[in-house]
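Examination of the molecular architecture
Each chain, written out:
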Amino acid sequence: MTGVRLRRSVGLTAVGVLTVGAVALHNAGAVALYQISLATGALLFVMIVTATLLNVRKKAPFLPLGNTTDWLTFHMVVGLGTVVVYAIHTGGRWPDGILEFALAATYWSVIATGMAGWAFSRWLAPRLARRGENVLFERIGRFRAQLRAEAETLVLRAASEQGSTTIPDFYAAHLADFFDRPRHLVSHAVESDHPRHVLLGEVELLRRYLNAGERGVLDGLRELICLKDDLDYQYSGQAILKYWLFVHIPLTYALILLGLVHGITSGAFSGGLL
Amino acid sequence: MNRERAKEWSHADRRKSCGLESSRLGIEVRRPQRWDVSFGREMSEADVDRLLARPPFCHIDASRFPEATPLRGILRNDTRILRLKEGDIVVREGDWGQSAFFVLSGAVRIVISPPGLPAGMLGRREADRKGWFQSLAQLWRNSELPEVRDIAQFRSDGRVGVRQEGEDEARIFLEDVPTILEKYETRRLYAGQVKEGDLFGEIAALGRTERTATVFAEGETELLEIRWQGLRELRRRDDALRDHIDKVYRERSLAVQLRHTPLFAHLSDEAILNVAVQTVFETYGEYDWYGSFKEMVSEDAGTRLEREPLIADEGHYPNGVKVIRSGFARMSRQFGNGHRTVNYLGRGQVYGLQEAAHNWRTGQQAAWQYSLRAIGHVHMLCIPTAVIEEFVLPTLPADQMPALIAAPSPTEGAAGGYDTGIAPGMLEFLADRRFINGKATMLIDMDRCTRCDDCVRACAEAHDGSPRFIRHGARHGRFMVANACMHCADPVCMIGCPTGAIHRDRYRGQVVINDATCIGCSTCANNCPYHNIRMVEARDRNGQFILDEHTHWPIQKATKCDLCVDQLGGPACQRACPHDALKRVDMSDLQSLASWINR
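Residues numbered from 1 in each chain as written. Chains lettered and ligands numbered in written order. Predicted model: local features only at pLDDT ≥ 70, side-chain atom pairs only at ≥ 80, totals over all residues. Heavy atoms only, no water.

Taken together, the contacts link 42 residues of chain B with 43 residues of chain A. Our enumeration of links across chain B and chain A arrives at 3 salt bridges. Linking D454(B) and K58(A) is a salt bridge whose minimum nitrogen-to-oxygen distance equals 3.1 Å. Summed over the shared surface of chain B and chain A, the number is 13 residue pairs in polar contact (both at pLDDT 80 or more). Of all the secondary-structure elements, those providing two or more residues to the side of chain B that touches chain A are α1 (2-8), α2 (11-17), α5 (132-141), α16 (454-462), β16 (470-476) and α18 (572-576) of chain B. (Contact = heavy atoms within 4.5 Å. Salt bridge = Lys/Arg side-chain N within 4 Å of Asp/Glu carboxyl O. Polar contact = N/O pair within 3.5 Å; in protein donor to acceptor, adjacent residues only side chain to side chain. Helix = DSSP H or I, 4+ residues; strand = E, 2+ residues; numbered from the N terminus.)

The structure is reproduced here in C-alpha cells:
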C-alpha cells in the first residue's frame, strides 16, 4: 500500500472510530444522567485547538516533527471528527442566541473553507500544470508588465511604420485594459474560455481591414493575448490556492476565541458535569 | 538574472517564433582550440625544457605523439608548476580529482592514518547537527534580512589559513604542521624517490573519483600539476606510464572495487585477482562534459544522441561485460529511425551480462540487445567474455543469473521487455537533461503541488531566512525538477574550488559549502550544469553589506541546498510539503523513483 493510500485508509478509519466512540460515550453519559454537553463541548474545543497544530508544525519546519503530509491528514481527520462531536454537542439544533449563532456560523465557515481548500488543492493544481507557463506567483506582475510593454511597442511600431491608426485604436478600445491588470479571473476560476474567444474573435474581425504589414503586427498581438490570458489563468488559480487560507485561518482563530467565551459562559451558568 | 529569466520564462523563445524579434547575424570567429587557454599561464619554454630533461619525461618517446598534441605542447599547456610553502595543502581527502602531480623538488606528506585530518582543519564544515534547543531557537534567531553572516566567521579559526595567490587564485594551508606530523601518521613522498612513483593523484584524476588521502607540502616544494587531459594523452602515448598507472590501479583499488560489485562478490580471492588482471579499462566521452552540456540541451534528440560516444552497438558481437566505474551510460534500442532509451546505468552497474550468460548457457551467439552510449563521461571496466565464462558464470548464484534472451513481443516495442517502471518519455527527459546525476534530485509532482511555497519557506527557516532553492525548473509532463542542488554522483561543481570549501560531507555524502572558506570565486556556480548554485552578497546583522577591505566590493558567497545537513529531521522542503508533492530522489534507484512516480 502506498503512502497516500495508507494515510487515506488510516484517516478514514480514525474518523469512523472517533464517530463510534463519541456516539457511544454520549449514549453512556446520557444513560448515566451526566450533563454530557459540557464534556462534548470541551472535547470539541480541544479538537479544534488540536487541529490548529498543523499551523504550528508549519511554523517550525526545522524540528523533527514528522511529515506535514501526515499532519495534514491528522488535521483533516480531527476536523471531520469535530463535525461528529459538534452534532452530538448541539443535538442537531441550530442555535438561537447571538453568541451561539456566531459560534455556529464561524464553525461551519471554518469547516466549509477547509473543505473548499482541500477541493481546490485537488482540483486546481493539475489544471495549473497543464495550461500556460508555470510562473512563480510573486513574479506574475513583472511578466504581465513585460507583456504590456511588448504589446505597446508593437502597436506603436504599427502606427509609425504603417501610417495607420487602426491597430492603435483597436488596442485602446479593446486591449489596453486587458494588458493593464489581471482580467477574467472569475471565468478562469470556473474554467471558462469565453472571454478569450471573444477577444480573439475581435482580433480576427479586425484582420480584414488591415494590410499585410499590419496583419503581421496583429499576429504578434494575438500571440501576446494568448500569453496574457494564460498568465491570468495562472494568477487566478494560484491566487485561489494561496488566499483561501487567509479566510480559513482567521476564521479558525475567531472560532477558538468564540468557543472560549462560550465555554466560560456556559461553565459559569451550568451546575457542573453531574 | 538573465540566466534565471531564461529558465523560468520561455516567452522569449515563443516571441521569436512569432517573428517579434529580429534575428541576429552571426559573427565569424576562429574556432576555439584546445590550448587557447593553458592550464598554467606562467609556464615558459624554459620550464618545459627543464621538464623534458628529467624523468619520467626524458624517457617518453616524443615521436609517438601526433602533431596536433606534441609532448612539448602537453607540458606547455596541460601542466603548471606549483611552488608551495610549508603546510600548503595539495589535495584534500574527498576532493574530486581532475589532475595528477609530480614532485619536482622538495617533498610532500600523505596523511595515511584513518580517518584523516579533521574537516575543520581542511577548511571544511565540521559535521555538527543542531540540538533541539538550537533548532527551536531558529524561530527567533533567524534573520529577517537575506544572506546575513556572522562577521566573526571572516576571521581565521587558527587551524587553516587561506592565502591569496594572484587575482583569482587562493591556496589553503595548515597552520601547525609539526603538531600534525606528531599526531597523524603520514608518508613522505619526495622528488626522485621512485621512477614513476613521484606521481600521485592520477587514479582520481583519470577515474574522476574522490581523492583518498590529504597531501600537503613539507617545506618549500615544487610540484608539477598535470590536468587530466594531458595525463590522458601521456597515458595513451607512453607505454611505461600507462603500465604504471594501470598497475597502481589494479593493485590499490580494482580488486576491492570488484569485490563490492554484486556480480563478483561471490568469487574467491584468487578468482577476483584473475578477473582483475584481465580487466581492460575504458574511458568514453569528455571529462568536462558540463561545458558542452549547456549548449547540448537546446539540440534535438537525434543530434544529442549522435554526440554521445558509442560504447556498444546493438546487434554487434558481445565481447565482454562492462561495469561502470564512474559516470553514466545510456542503454537504448533502435526504434524507427532513432533510438529509444530503456535505461541508464551509473556507478557499479553492469552491461552485457544477459548476452554473455545467454551465450554461455545455450551455446548460441546472441548479439548485444541494446546500444550503450556515454552520457557525458564514463569510465568503465571491461571484463572479456572468456573471463566471465571461466570465473564468473559457473559460480554465479541462481538469483543473479539473468534470464535467457527472448524475442521481444510486439507489445513490448523498443524496450524489448526491459521494464524500469518509468515511462520512456520520462527516461529520455532524465537522461537528456542529465538529471540522472542526482543523488537527491528535487522532483515536484505538479498535479499535487498547490504552489503554497511551504517548501520554500521551510528551506528559508532552516537556513537563517534565506531559501536555498527555487521552486522552478525543467518539466516533463506533470513532473518538475526544481532548481535545487541534486548532490550529484559526479559533482562537477567541486572541480576547481580553490579552497575546497565545496565538498562532500564525510559522513553523509551531501555536497556542502563551508561558508567560512568560500572565497566567492564562482567556480562552482559556473561549473554546475543545472544552475543550482547561486552567488549572493553577504550582509551583517544590521543589513550592511560586508565589503572586501581592498576592493570595497561586497563579499560574495556561493549558496545552495545542503539537504539540511545540520538540521535534526533531514530535508525541510520534503517534510514541509503538505500534499506529498515533493520528494528528494536518488536517481540511481529507479525502483524507488518508479514507485513514487506511479503512486
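So much for the structure itself; the text now carries on.
Residues and elements named next belong to chain B. Ranked by internal contacts, the top residues of the largest apolar core, which has 51 residues, are L234 and F264. A total of 6 residues in this core trace back to one element, the largest contributor, which is helix α9 (residues 239-259). Split by domain, the residues of this core number at least three in each of domain 2 (45-118 + 159-237) and domain 3 (279-287 + 298-422). Excluding anything up to four places from it in sequence, F264 contacts L258, R259, I272, V275, V323, I383, I388 and V392. Counting 44 residues, the second-largest nonpolar core is a separate cluster that includes M426, F435, C493 and I495. (Core = buried A, V, L, I, M, F, W, Y, C linked by side-chain atoms within 4.5 Å. Buried < 20%, exposed > 50% of the residue type's maximum accessible area, 1.4 Å probe, protein only. Domains from an automatic or database assignment.)

What follows concerns the packing of α9(B) against helix α10 (residues 269-278) of chain B. Residues and elements named next belong to chain B. It is at 10 Å that the axes of α9 and α10 come closest, and there the two elements cross at 120°. Classified by the angle their axes make, α9 and α10 are oblique. Taken as a pair, α9 and α10 cross one another with a handedness that is right-handed. Note on element contacts: α10 touches α9 through D269, I272, V275, A276, V277 and Q278, opposite R250, L254, A255, L258 and R259. In the contact of α9 with α10, the residues fall into 7 nonpolar, 1 polar and 3 charged. (Axes fitted to C-alpha atoms, helices over the stretch in contact; angles between N-to-C directions. Parallel < 35°, antiparallel > 145°, perpendicular 65-115°, else oblique. Left-handed = near helix turned anticlockwise from the far one by under 90°. Nonpolar A, V, L, I, M, F, W, Y, C, P; charged D, E, K, R; others polar.)

Residue and element names in this part refer to chain B. Although it is not a glycine, H487 sits at a positive phi angle of roughly 55°. If you trace the backbone, H487 turns up in the loop between β17 (479-483) and β18 (502-504). With relative accessibility at 2%, the residue H487 sits in the buried group. The backbone of L563 shows a phi angle near 60°, a positive value even though the residue is not glycine. With respect to the helices, strands and loops of the structure, L563 is situated in the loop between β21 (556-559) and α18. Judged by its relative accessible area of 14%, L563 is buried.

We now examine the packing of helix α4 (residues 68-90) of chain A against helix α5 (residues 98-130) of chain A. All names here are of chain A. Axis separation between α4 and α5 bottoms out at 11 Å; the angle between their running directions is 145°. Of the two possible hands of crossing, α4 and α5 adopt the one that is left-handed. Note on element contacts: α5 touches α4 through A104, Y107, W108, I111 and W118, opposite M76, G79, T82, V83 and Y86. Taken together, the residues that form the contact of α4 with α5 break down as 8 nonpolar, 2 polar and no charged.

For side chains of opposite charge, pairing can occur when their charged atoms come near one another. Residue and element names in this part refer to chain B. Throughout the structure, instances matching the rule amount to 49 salt bridges over all chains. Of the charged contacts in the structure, one is a salt bridge between E147 and R149, with a shortest N-O distance of 3.1 Å. Given the relative accessible area of 9%, E147 is considered buried. Relative accessible area serves as the criterion here: at 7%, R149 is assigned to the buried category. Between R478 and D447 there is a salt bridge, with the nearest N and O atoms lying 3.8 Å from each other.

With that settled, the discussion passes to the domain arrangement of chain B. Residue and element names in this part refer to chain B. Segmentation of chain B into domains returns domain 1 (1-30), domain 2 (45-118 + 159-237), domain 3 (279-287 + 298-422) and domain 4 (433-597). On a C-alpha basis, the centres of domain 3 and domain 4 stand 33 Å from each other. Counting residues at the interface gives 8 residues for domain 3 and 9 residues for domain 4. Where domain 3 abuts domain 4, roughly 910 Å² becomes buried across the two surfaces, and 71% of that area is made up of carbon and sulfur atoms. Between domain 3 and domain 4 we count 0 salt bridges in total. Put simply, domain 3 and domain 4 have 1 residue pair in polar contact (both at pLDDT 80 or more) between them. When contributions to the side of domain 3 that touches domain 4 are tallied by element, the ones reaching two or more residues are β12 (338-345) and β14 (371-384). (Buried area = accessible area lost by both parts, 1.4 Å probe.)

This next bit is on the pairing of strand β8 (residues 215-227) of chain B. Residue and element names in this part refer to chain B. With 12 of 13 residues buried, β8 is to be regarded as a mostly interior element. As paired elements, strand β1 (residues 79-84) and β8 share 6 bridges and run antiparallel to each other. Counterpart to R83 in the pairing with β8 is E222. With 10 bridges joining them, strand β3 (residues 99-111) and β8 adopt antiparallel strand pairing. Residue pairing for β8: A100 is matched across the bridge by I226. (Pairing = 2+ DSSP bridges.)

Turning our attention to the side chain of S236(A). Residue and element names in this part refer to chain A. Inspection of the secondary structure assignment puts S236 in helix α10 (residues 212-269). Judged by relative accessible area, which is 5%, S236 ranks as buried. A polar side-chain atom of S236 sits 3.1 Å from the main-chain carbonyl oxygen of L185. Not counting the four nearest positions on each side in its chain, S236 is found in contact with L185, H188 and A189.

Let us now look at the packing of aromatic side chains. Centre distance and the angle of the planes are the two values used to describe a pair of aromatic rings. Residue and element names in this part refer to chain A. For the structure on display, the rule yields 17 aromatic pairs over all chains. Here the aromatic rings of W71 and F74 are separated by 6.3 Å at their centres, their planes lie at 80°, and the arrangement is edge-to-face. Of the two residues, W71 and F74 both sit in helix α4, 3 residues apart, roughly one turn of that helix. For F74, a relative accessible area of 38% translates into the label partly exposed. (Phe/Tyr/Trp six-rings, centres within 6.5 Å; stacked < 30°, edge-to-face > 60°.)

Another aspect to go through is the sheet that holds β17(B). Residues and elements named next belong to chain B. In spatial order, the strands read β16-β17-β15-β22; together these 4 strands make up an open sheet with antiparallel pairing. Where the open sheet ends on each side, the last strands, each with one partner, are β16 and β22 (582-585). Sheet twist, expressed as the mean angle between neighbouring strand axes with direction ignored, is 40°. Packing against the sheet, helix α19 (residues 590-597) makes contact with β15 (441-445), β17 and β22, and its axis sits at approximately 20° to β15.

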